[in-house]
Every structure is written in structure tokens, then in C-alpha cells.
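An overview of the molecular structure
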Amino acid sequence: MALFEINNLTKRFGGLIAVDNLSFSIKKGEIFSIIGPNGAGKSTVFNCINGLYKPEEGSIQFKGENLIGQRPDQVAKMGIARTFQNLELFAHMTTIDNLLLGRHLHMKANLGQILGLNFRRSKAAKEEITHRRKVEEIIDFLELESARDQYVSNLPYGKQKLVELGRALALEPELILLDEPAAGLNQEEREEMVFWIQDIRDQLGVTVLLIEHNMQLVKGISDRILAISFGKKLTEGTPAEVLNHEEVIKAYLGEVV
Amino acid sequence: MILQLIISSIVAGSIYALMGLAMSITYKASEIPNFAQGEMGMVSTYITFVALSSFGMSFLPALFFTLLFAFLLGVFLEFAFIRRAKNPTPLSFIIITIGFQLMLYGFAGWKWGADQRRLDLPFSETKTIIQAGDVTISELNLATVAIAILMMGGIYLLLNKTKLGLAMKASQQNEKAAQINGISTKRILAISFGISSMVGAIAGILVAPIITLDPSMMWDPLLKGFAAAVLGGMKSLVGVVIGGFMLGLIENIFGFYISIEFKSVVAFVIIVVILYFKPEGLFGKHYVRKV
Amino acid sequence: MRLKLKQDYFEDIELFEDRVPIFWSVVLLGFLFALPFFVKSYYLTILMLMSVNAIVALGLNLLVGNTGQISLGHAGFVAIGAYTAVLLTKAGAPFIVSFAAAGVVAALFGILLGVPSLKLEGPYLAIATLAFGLAVTVIIGRMDFLGGRMGVSVPKLSLKWTGLKYDTSLYYLIIIITILLTIFTRNFVKSRIGRAFQAIRDSDIAASSIGINLTKYKLLSFGLSATYAGLAGALWAFYLGFISPTNFNFILSIMFLATIVVGGLGFVGGSIMGAVVMTFLNIQLENITDVPILGSLIEKFSEAFMMHSAISNVSWVFTGLILILIVLFEPMGLYGIWLRVKLYWKTWPF
């Protein structure tokens, strides 16, 4: 059975159809990419999955459970984390606080227990320490040591992207949605990002769904690719199949007259 | 009786609508709710008072100097304080304008004292113009509504039919693009503050004869004008005017039939309830941030 | 620079990072506790006022500085707390009951106000909270069993068992409560819930995407902030001995907001510093003509150009000016200045 499945998804904004009758499914442990030119409706798909938008038609299922109508925080609780195309970091907080926020769902201490935070043996302090340890592992994993105590707004763009990735990983999701992970990165950073994405799948065992319009990045790491244009599916298959598909080339390069 | 109520509502509504428009002009330009608006109008009204009583001017020259002063006061607020804010948040602007409000309030109290003074306008409150049955309309009532409508028309024309209005619209919608096209967005903002201050000054002059001239006379009109603007949708001029008249009506009807003491409270409660269902006001556009 | 290498994760959340602040805290505590034996009770009343303002500021800062909401009606919560405490004390409830009830009732109203506020932002939220503040005072003014507009006198607490003067016992009571609330707030800000508040402030979309329930946490923030105001209201009532609706007007709400902006938004230390400085400033500005040099200048100016009998209004001018200057030149408030001074000394002489 597929881990994640979308059937006949349609999302309209007024008269504009952003996503048009789209269907696809992802298997556990896959790296699945959605490609398409700007304005093809890629981010809209993410926002529908994530609960920010409510689609008009279709179904979204994760591990057999329906996602439509769930709030973003409920979707996160089910094990889906995401990053954003233009970064949505907690800018006035340090890297470590951003990552600790990713642990929010796993922490349980309530208002009363917080009173005891000053005592090493208190429940709240113990819990806090456990999660700090977990976050330090992510900092190690993404090599963010130098950024640990810095305010994220002071970090270079490439590092900020990693912090956002780290925050999503801190949720320990089963499925991670990456919205243009390489956008705005330079060549070197882009190559590194490819490694991180592969490591996320190989070492952490997280299923990856990513959106990109950079073909080179997608080609190297995807198991399967879905190409869309104007919200419609063009084709779906292995990287080689999709990138040589006539319609895809047309969508990218324009019609040859 | 109901007719008289409606007339009082329209008179009160005109003033709320003027204050609302004054708030809305700067809010449209900069997303700054100007809490000093009322006090700026109050100080300007004192200028009229001084011109009339101390310098013995006639009304029109006094009005001219008042409007000139009001314009400069608005430009001063923008130039001296608003423009100087570095990495401002919406809250910093609220605090700046509240700070300016306190300064003006203190200044007026210091200069003219807390005594309630009478502002004599050429149109008086006691002279009745229309008397039909139990309906009375005074000269001041009529002048208030007439001037308010004139101002609304003027603002509409200014914002929609002039080059200045076009430049204001351009810098609101896309500051960078406006700059590229040769519009000095900072100067435009300063002018917006000046114009809105002039509108507030007119409101102040119309309020003063009703509730006597004193440093705290504009508190209530400011809050009501602000509420009217929020009710109508802050950025929609037509909405703000409708909001003003609605607020006047709600207040007067409620005050008469149920309780005069709770009339402002009820007006505010109704606004909160409306906002609950229409968070951007009745005529505001809902804006969703894209991610 | 004295670099402290942390050895385990607990050190990240400890109340004191090393011995120096412990030393100064002990000195400060000792000073506060010894004070009644050295100074006139006038100074104690100033400290009590500072403490009460500090409690409101701590709560308001959680809402405004940490969660990024705005409230122009906090005086309303203070009023609710004050009147609840008075009502219960009159009915014979012991202090601890009426004090706790003040917090709980204010919290309920906070959550009630929070519900419509969930959808509102910026000026829309400002007007809703402002309306709440106005409504509270008008409604209390109409309730005759609360003394109506004339106000009500507050029964004295039974603090005889302490064996100290009434003022002194009240001073200790207020100081201890303030210290406990400060420590709680500091822990709270460092906890998961405190972090969730800040996440909502910085990006509500990202906050919800990592599993933070916006409705729940915004309501919690309103409720908690109102609780502080309610508790402070109860203490304020006992401190004043007489309250009326005019004590809790719009200007008071503005002053609370000013306190946290001056102190430093989002910093626990900022709330305390803001309350201390603003309270002090309010008292000083009332006698501004006694200040050397500046005072006589103002007096001369006043005699020449202004209505000299109304010179007390000059305090408004200065308060307004200080607010503007702080926002323009020190957006992090007094706490920001303190942080920079601290850094300067740590790295001195480099």
C-alpha cells in the first residue's frame, strides 16, 4: 500500500484553477519529485497537503488517514513536516531555539511542571534536556555547529535553508515536504543539499516529497518524478522517462513552431 | 422622534466619518494607525481659537492658517518621527503615534490650561434653521453635515482624479516600483500625513462647539472615528464613511431606546462582533499571505 | 573575555549561568528585605507600585512581546482583578482565596476576549481590545454593589500575625509575589510553551506547520497575560485602599504598553526594568521643576510662553518624547542597552 496518496485533487482560486484533477502516490522510503515551470501549482499542492488550503475536490490520504479538513498542526502531528519556498523561520530566535521548536509536538511538560524547570531532577528539566540532546544530534547531522547560538536572521541564506530543514527533521516526520530546497543556493550549496536529501532518506529513513524547477537537482536524486503544468499532470515516471518526455520539454522550453 | 434621532446620527456620523477618513488616509499610505490624529486636530482647533479670539481674525483667514498649521504638523510627524524609525514593527508605529499624542496633549494643557473654552464659529448651535414638528436642525448641524460631505467629495477627487492621488496609490501598492518610476515615496507619505491632519483639524473645529474646546475633547471622536474606520475596513474610503454613519446610528438608536450610559460600549461590542465574522471590516479585502 | 564552557545541557536552562548573577541577586534580595528597617514608608510605597506595575508588565509582555499580539485594554483586566479581590475580601474570604480568584476571573475574561481576537490583527485587534477596556470601566461604573462610579474602599488585609506594621507586611507580601512571578515567567519563556508563543510571533504559518495549535496557544497567551493583570489588580487594590473605575482608564492601558516598550519587548528583564523606570519617571516628572538646571529652564520657559499654573502638563510632553526616542533609537528598550553594556564589560578592554 502506498504511504501517501492524492486522488483527483482540484484547487481553485476564483476562476483560476491552480491544481486540476491531480493524482499521484508515494511509496515508503521513496524520493518523489514534482517538477513544473513557475506558476504550475506546485506550492499549492503542498499547501493543500499541509492544511493551509482547503481543496475543492479530491482526497489526500496519509497512511490511510484523510488529511483534508485537518489543520496544519494536526497534519504535523500525523507525521508530515515541511519547508517553505521563501523560508518561514522564526527570525528573532537562535538556531537552537528554532530546532527546539521542531520538537514541540514531542514535548509534554505542562504549565505546572514548568515551575520546576530550575531543578535538575524535575520532570520539565529532564524532558528539556532529552530534547536538547536530540536537537544537538540534528545540529551534528546538518553540520550547523557554527550557527548554533546565532539569531537565524543573521545567518547566510544557505545556512537558513539548512536550519529550516533541520527544524522539519526535528519533528521526526515519516514524510517530509521540501519546497524548492535548492532555490537561491549557489552551485556548491546546491550540491551539498543533494547530499543532505539523500542522507535524510538513507540514514533517517524519511520519505521525501520535493518540489523543484531545477532539473539537474531532481534528476540526480529522485526515484520517481511527476511533471505538472498549469495544475495538470503531464507525465509521471523515472527521471529518464520524464525528462525526455515531449510534453515536459515543451512546457519548459515553449512550443517549437 | 425617530426622525430627530436619525438627524443626530447623521451629524455624529459625519464627524466619525471625517475622523475615520483622516485615519484611513495615512493607514492606506503606510499601514500606520495614527493615534495622535485626535490630538493633532485638537491643537489645530486651538489655532483657530487663538486666531479668532486673540488676533481678531475673521473665520476664513483663521481657517486658512489652521489648515496650513495642520498640514505642517502632519508633515512634521512623518518627517521627524515616523521616517526615523529603523526596522519598525507595527507596534513601534503605534507607540510613536501614542507618544506624539501624549506630547500634544501635554503641550495643549500647558499652553492653554484645562479650562473649557468656547469656540465661536459663524454657524451657531443655538440658531435653528429648520423646525418642523418636533424635529429641530440647527445651523451647526447643517454646516457639519455639509462640510463633511464636501470634504468627502474633495478627498475622493483628490485621491482618484489627481496626479498626487495617483502617486499616493502607486506608492501604497508597490513602494519600490513607484520609486523606480520617479515618485519620491517619502515625500508622498509626508503629504499624506499632512492631508490627513487637515481632515482631522476640520473634524476638531466641528466638534469643539458641541463639547467645548479643551485638551481632551478629541478622545471620544478619535476612538469613534477609529472604530468607524475599522468597521468599514480601514483601507476602503467608502467603507469608512459608511462605517461612520453606521456607528452614529447604532449609538444614537441604542442610546435613546435602551441606555444612554452604555451607548458607546454597545457600539464597540457590536464592532467586535462584526469583526469576528468579517475580520477585515465590512468593506475591507481579505488578504492571505502567500508561502 | 571570560568564556564559560558548558558541560551539559542543563546549563542551557539554568536560572543563573554562573556565580556572578547569583551574587548580585542575593545582594538585591537582601536589600529589598532589609529596606523596611532603614527607609520611610514613602519609599516602600514606591517599591510596591513598581512591583505591581512589574507584574502587569510581565504578563503584557508575554502577550505583546512574546506572542506578537497587541492589547490596548489591559487596564480592564487589572480592574477585573481588583474588583474581584475587593468583593471577595468584603465577603470575608482570606487573602489567598481572593488573590487567586482575581487571577482566575481575569483569565476567564482574557480567554473571552481572546476568542474574537484570534482572527484579528493590527488595528483591528487594537480596537477590539480597546473596546474591552472601555466596556469594563463603564460596566463597573454601573454596578452599585461595586460602588459604582464613586468607587469603593478596600478592606484591610489581616496581616497582624506578622507582628509588623501594616505597610511593611504589605510590602513584603507584594515583593515576594513579584519575585515568584518573575522566576515563573523566566522559566515559562524558556519552556516549550514560551517558545511556541514566540514562534507564533515570528511566523504563524511556520508555527502551525510544526504542530503548534494556534487557537490554543493564542487563547493561552491572552488568558495568562490577563491572569498577571488580575493578580496585579488585586495587589493594587490593597495597596491603594480605595478604587474607582477612573483608576483603570485608557491612559493606564497605554502606560502599561509604554512600560514594556521602554523596558524591552519580549524580555523578562525588560518588563522589570520598564516598570521600575517608568514608575520612577512618573513620580519624578510630577516634580520636574525640582530637577537641577533643566527644572529652572523649564520654569523660565513656562513663565514666558505658557500657562504657568498648568506646568504639571509638562510630564505628558516628556513621557511622550521618551516613548518616541526609545522606539527610534533603542528598539530593544532599556534591556537592549543593558545587554550591550554587559557585552562591553565582558570583552573589556578589547
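Note that the structure is predicted; figures quoted are calculated from it, not measured. Residues take numbers from 1 onward in each chain, read along the sequence in its written order. Working convention: letters from A go to chains and numbers from 1 go to ligands, in the order in which they are written. Residues qualify for local features only when their pLDDT is at least 70, as the model is predicted, and side-chain atom pairs are given and counted only at 80 or more; totals for whole chains, interfaces and linings, by contrast, use all residues. Side-chain numbers here rest on the full set of heavy atoms in the structure, without hydrogens or water.

**Re the overall build of chain A**
Within chain A, the regular secondary structure consists of 10 helices and 10 strands. With the radius of gyration taken over C-alpha atoms, the globule rule is written as 2.2 Å times the number of residues to the power 0.38. For 257 residues, the compact-globule formula gives about 18 Å, and the C-alpha radius of gyration of chain A, at 19 Å, lands near that figure. Accessibility here uses a 1.4 Å probe with only protein chains present; expressed as a share of the type maximum, an area under 20% marks a residue as buried, one over 50% as exposed, and anything in between as partly exposed. The burial tally for chain A puts 55% of its 257 residues in the buried class. Only heavy atoms matter for contacts: two residues are in contact if any of them lie within 4.5 Å across the pair. If you take every contact in chain A between residues at least 6 apart in sequence, the share linking residues at least 24 apart comes to 67%. Residue burial considers only the protein chains on display, and all accessible areas are found by Shrake-Rupley using a 1.4 Å probe. Accessible area of chain A: about 11300 Å², with a carbon and sulfur share of 49%. The positive count covers Lys and Arg only, the negative count covers Asp and Glu only, and His and the chain ends enter neither. Here the site of a charge means atom NZ of a Lys, CZ of an Arg, CG of an Asp or CD of a Glu. For chain A, the separation between the mean place of its 30 positive charges and that of its 35 negative charges on side chains is 7 Å. The numbering of helices and of strands both runs from the N terminus, where a helix is a DSSP run of H or I of at least 4 residues and a strand a run of E of at least 2.

**Some remarks on the overall build of chain C**
On a plain count of helices and strands, chain C comes out with 14 helices and two strands. Its C-alpha atoms give chain C principal-axis dimensions of about 60 × 50 × 50 Å. Each of the 350 residues in chain C was classed as buried or not, and the buried ones make up 56%. Of all intrachain contacts in chain C linking residues separated by at least 6 positions in sequence, the fraction that spans at least 24 positions is 75%. Put simply, chain C shows about 15400 Å² of open surface, and 70% of that area lies on carbon and sulfur atoms.

**Thoughts on the interface of chain B and chain C**
Many authors give the size of an interface as the accessible area that is lost as the parts come together. Contact residues are listed per partner, giving 48 residues for chain B and 47 residues for chain C. Accessible area that two parts lose when put together, evaluated with a 1.4 Å probe and summed over both, is termed the buried area. Summed over both partners, the interface of chain B with chain C comes to about 4500 Å²; 80% of that surface belongs to carbon and sulfur atoms. We define a salt bridge as a contact between a side-chain nitrogen of Lys or Arg and a carboxyl oxygen of Asp or Glu at a distance within 4 Å. Remark: the boundary between chain B and chain C carries zero salt bridges. Between N or O atoms, a polar contact is any pair within 3.5 Å; within protein, one atom must be a potential hydrogen donor and the other a potential acceptor, and residues adjacent in sequence are included only when both atoms are from side chains. If you look at where chain B meets chain C, you find five residue pairs in polar contact (both at pLDDT 80 or more).

**Describing the interface of chain C and chain A**
Tallying the contact residues gives 33 residues for chain C and 40 residues for chain A. Contact between chain C and chain A buries roughly 3300 Å² in total, counting both sides, with carbon and sulfur atoms accounting for 63%. It is C:Tyr9, C:Arg192 and C:Arg195 in chain C that bury the most area against chain A; as a group they hold 23% of the surface buried on that side. Between A:Glu128 and C:Arg195 there is a salt bridge whose closest N-O contact spans 3.1 Å. Linking chain C with chain A are eight residue pairs in polar contact (both at pLDDT 80 or more), by the criterion used here. Ranked by residues supplied to the side of chain C that touches chain A, first place goes to helix H7 (residues 192–202) of chain C with eight residues. Looking at the side of chain C that touches chain A residue by residue, the classes come out as 17 nonpolar, eight polar and eight charged. Note on residue categories: nonpolar means Ala, Val, Leu, Ile, Met, Phe, Trp, Tyr, Cys or Pro, charged means Asp, Glu, Lys or Arg, and polar means any other residue, Gly included.

**Quick look at the packing of aromatic side chains**
All names here are of chain C. Pairing of aromatic side chains requires ring centres within 6.5 Å, counting the rings of Phe and Tyr and the six-membered ring of Trp. Pairs whose planes differ by under 30 degrees are stacked, by over 60 edge-to-face, and all others tilted. A full pass over the atoms with the stated rule returns 34 aromatic pairs over all chains. Plain terms: the ring middles of Trp-236 and Phe-248 are 5.5 Å apart, the flat faces sit at 70° to each other, and that makes the pair edge-to-face. Of this pair, Trp-236 sits in helix H9 (residues 214–240) while Phe-248 sits in the loop between strand S2 (242–243) and helix H10 (250–263), placing them 12 residues apart in sequence. Its relative accessible area of 11% is what places Trp-236 among the buried residues.

**A closer look at the sheet that holds strand S9 (residues 224–229) of chain A**
Residue and element names in this part refer to chain A. For two strands to count as paired, DSSP must find a minimum of two bridges between them. Read from one edge to the other, the open sheet built from six strands follows the order S6-S7-S8-S3-S9-S10, with strand pairing classed as mixed. Either end of the sheet is taken by a strand with one partner, and the two such strands are strand S6 (80–82) and strand S10 (232–237). Across the sheet, the axes of successive neighbouring strands diverge by a mean angle of 15°, strand direction being ignored. In this structure, S6 lies alongside strand S7 (residues 175–179), joined through three bridges in parallel fashion. Note that in S7 the partner of Ile-80 across the bridge is Leu-175. Simply put, an axis is a line fit to the C-alpha atoms, just over the touching stretch for a helix, and the angle between two N-to-C directions goes from 0 to 180 degrees. Helix H1 (residues 42–50) rests against strand S3 (31–35), S6, S7, strand S8 (207–212) and S9 of the sheet, and its axis sits at about 145° to S8.

**Section: the confidence of the model for chain A**
A residue's pLDDT is the confidence the predictor assigns to it, expressed on a 0 to 100 scale. With 98% of its residues at a pLDDT of 70 or more, chain A has an overall mean of 89. Mean pLDDT in chain A bottoms out at helix H4 (residues 111–114) of chain A, which sits at 74, and peaks at S6(A), which reaches 96.

**Details of the pattern of salt bridges**
Residues and elements named next belong to chain A. Counted under the stated rule, the structure contains 26 salt bridges over all chains. Here Asp-149 ties to Arg-148 by a salt bridge, and the two come within 3.1 Å at their closest N and O atoms. Through salt bridges with shared partners, a single network forms among Glu-30, Arg-224, Lys-233 and Glu-236.

**What about the nonpolar core?**
Formed by 234 residues in total, the largest nonpolar core has its most connected members in A:Leu165, A:Ile176 and C:Phe248. No other element matches helix H2 (residues 41–66) of chain C, which puts 14 residues into this core. As used in this record, nonpolar core signifies buried Ala, Val, Leu, Ile, Met, Phe, Trp, Tyr and Cys residues forming a set joined through side-chain atoms within 4.5 Å. Ranked by size, the runner-up nonpolar core spans 28 residues in total, among them A:Leu3, A:Ile6, A:Tyr53 and A:Leu177.

**Observations regarding the side chain of C:Thr178**
Residues and elements named next belong to chain C. Tracing the backbone shows Thr-178 in helix H6 (residues 166–190). Reaching out from Thr-178, the side chain makes a polar contact with the backbone oxygen of Ile-174 at a distance of 2.7 Å. Residue contacts for Thr-178: discarding those within four places in its chain leaves Ser-51, Ala-54 and Ile-55.

**With respect to a negative patch on the surface**
Residue and element names in this part refer to chain A. Any residue with relative accessible area above 30% and no salt bridge may belong to a patch, with like charges joined within 9 Å and the nonpolar Val, Leu, Ile, Met, Phe, Trp and Tyr side chains within 5 Å. Residues Glu-137, Asp-140, Glu-143, Glu-145, Glu-188, Glu-191 and Glu-192 make up a contiguous surface patch of negative charge. The set of elements that each furnish at least two residues to the negative patch consists of helix H5 (123–141) and helix H7 (187–202). Looking at the negative patch element by element, the count peaks at three residues for H7. By the secondary structure assignment, Glu-188 is in helix H7. Judged by relative accessible area, which is 58%, Glu-188 ranks as exposed.

**Details of helix H5 (residues 139–161) of chain B**
Between the first and last residue of a helix there are one fewer steps than residues, each counted as 1.5 Å, and that sum is the expected span. Its 23 residues give H5(B) an end-to-end C-alpha distance of 32 Å, which sits within 8% of 33 Å, the value for a rise of 1.5 Å per residue. Along its buried surface, H5(B) packs onto helix H1 (2–30), strand S1 (128–132), strand S2 (135–138), helix H6 (163–173), helix H8 (185–211) and helix H10 (237–257) of chain B.

**What to know about the sheet that holds strand S4 (residues 57–62) of chain A**
Residues and elements named next belong to chain A. Reading across the sheet, the four strands line up as S2-S1-S4-S5 and stay open at both edges, with antiparallel pairing between neighbours. Looking at strand neighbours, the two that pair on one side only are strand S2 (16–26) and strand S5 (65–66), the edges of this open sheet. Pairing analysis gives two bridges linking S4 to S5, with the strands arranged antiparallel. Looking across to S5, one finds that Gln-61 is bridged to Asn-66. Set on the sheet, H1 makes contact with strand S1 (4–13), S2 and S4; between it and S1 the angle comes to about 110°.

**Observations regarding the environment of B:Phe81**
Note on placement: B:Phe81 falls in helix H3 (residues 59–81). Classification of B:Phe81 as buried rests on a relative accessible area of 9%. In sequence terms B:Phe81 and B:Phe100 are 19 residues apart; their C-alpha atoms lie 8.8 Å from each other. Those residues in contact with B:Phe81, other than ones at most four positions away along the chain, are B:Phe76, B:Ile96, B:Phe100, C:Ile324 and C:Leu328.

**With respect to the packing of helix H2 (residues 37–53) of chain B against H8(B)**
Residues and elements named next belong to chain B. The N-to-C vectors of H2 and H8 enclose an angle of 65°; their axes lie 7 Å apart at closest approach. In terms of crossing hand, the pair formed by H2 and H8 is right-handed. Across the interface between the two elements, Gln-37, Met-40, Gly-41, Ser-44, Thr-45 and Thr-48 of H2 pack against Ser-196, Ser-197, Gly-200, Ala-201, Gly-204, Ile-205 and Ala-208 of H8. For the contact of H2 with H8, the residue count by class is four nonpolar, nine polar and no charged. Handedness of a crossing is defined here by the sense of rotation of the near helix relative to the far one, left-handed for an anticlockwise turn of less than a right angle and right-handed for a clockwise turn.

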